[in-house]
Amino acid sequence: MAKPLVGYLPGVFDMFHIGHLNVLRNAKLSCDYLIAGVVSDERSLTAKGKTPVVPLIERLEIVQSIRYVDEAVVEDVPEKLQMWEQLKFDVIIKGDDWRGTDKGRKLEADFAGVGVEVVYLPYTVVTSSTMLRQALHSRLAGE
């Protein structure tokens, strides 16, 4: 029997929305076993300059509850390759907004060295955590 193909999908997954569900559903189509890496509050602050609205423990529980996710882990290291050293996945999955960018090229180069395929999935433009955060701030400012 062939070894199951293990995929890793990192994300902040703040204010869980349809875009998150779509990327998890589509990621599961790229592998047999899907590990979702839920980025820690500290890593999110470093990478994006803001902390998530929803605390890490709640984001982790939400993501773990999605039927497409076989395992959810905390991503609290600065490099994706460090997560590979811990989990030994076969495929890393990112939104196609990374394709052709400096960070996407770095990801591809890092993982080429260990034989991990980088798979890009379509990014859901309709709803995003940034848009939800802006709407929340606007609503709170108006009340």
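Residues numbered from 1 in each chain as written. Predicted model: local features only at pLDDT ≥ 70, side-chain atom pairs only at ≥ 80, totals over all residues. Heavy atoms only, no water.

J.: Describe in detail the sheet that holds strand 4 (residues 91–95), supporting the description with residues and values.
T.: Taken together, the 5 strands give an open sheet; going across it, the order is 3-2-1-4-5, and neighbouring strands pair in parallel fashion. The open sheet has two edge strands, strand 3 (71–75) and strand 5 (117–121), and neither has a second partner. Adjacent strand axes in the sheet meet at a mean angle of 30°, parallel and antiparallel pairs treated alike. Both strand 4 and strand 5 contribute to a ladder of 5 bridges, which runs parallel. When the sheet's bridge partners are listed, Gly-95 is paired in strand 5 with Leu-121. Across the face of the sheet, helix 4 (residues 80–87) comes into contact with strand 1 (6–11), strand 2 (33–39), strand 3 and strand 4 while running at roughly 135° to strand 3. Along the sheet, helix 5 (residues 102–112) makes contact with strand 4 and strand 5, crossing strand 5 at roughly 150°. (Pairing = 2+ DSSP bridges. Helix = DSSP H or I, 4+ residues; strand = E, 2+ residues; numbered from the N terminus. Axes fitted to C-alpha atoms, helices over the stretch in contact; angles between N-to-C directions. Contact = heavy atoms within 4.5 Å.)

J.: Mind laying out helix 5, listing which residues take part and the relevant values?
T.: Since the α-helix turns once every 3.6 residues, residues separated by three or four places project in the same direction. Listed as buried for helix 5 are Gly-104, Leu-107 and Phe-111. For helix 5, the angular spread of buried residues about the axis comes to 60°, placing them on one side. Exposed residues lying more than 90 degrees from the buried face of helix 5 are Asp-102, Ala-109 and Ala-112. Looking at the buried side of helix 5, the elements it contacts are helix 4, strand 4 and strand 5. (Buried < 20%, exposed > 50% of the residue type's maximum accessible area, 1.4 Å probe, protein only. Arc of directions from axis to C-beta.)

J.: Describe in detail the nonpolar core, supporting the description with residues and values.
T.: Counting residues in each nonpolar core, the largest one holds 20 residues, and the members touching the most others are Leu-9, Leu-24, Leu-34, Val-63, Val-69 and Ile-93. Grouped together as the second largest cluster of nonpolar side chains are 15 residues, Tyr-8, Phe-89, Phe-111 and Val-118 included. (Core = buried A, V, L, I, M, F, W, Y, C linked by side-chain atoms within 4.5 Å.)

J.: Explain the environment of Tyr-120 residue by residue, including any values.
T.: One can find Tyr-120 in strand 5. Taking relative accessible area as the criterion, Tyr-120 reaches 12% and is therefore assigned buried. With 97 residues separating them in the primary sequence, Tyr-120 and Val-23 have C-alpha atoms 9.9 Å apart. Discounting residues that sit within four places of it in the chain, Tyr-120 has contacts with Lys-94, Gly-95, Asp-96, Trp-98, Arg-99, Gly-104 and Glu-108. Polar contacts involving the side chain of Tyr-120 include one to the side chain of Glu-108, which spans 2.4 Å. (Polar contact = N/O pair within 3.5 Å; in protein donor to acceptor, adjacent residues only side chain to side chain.)

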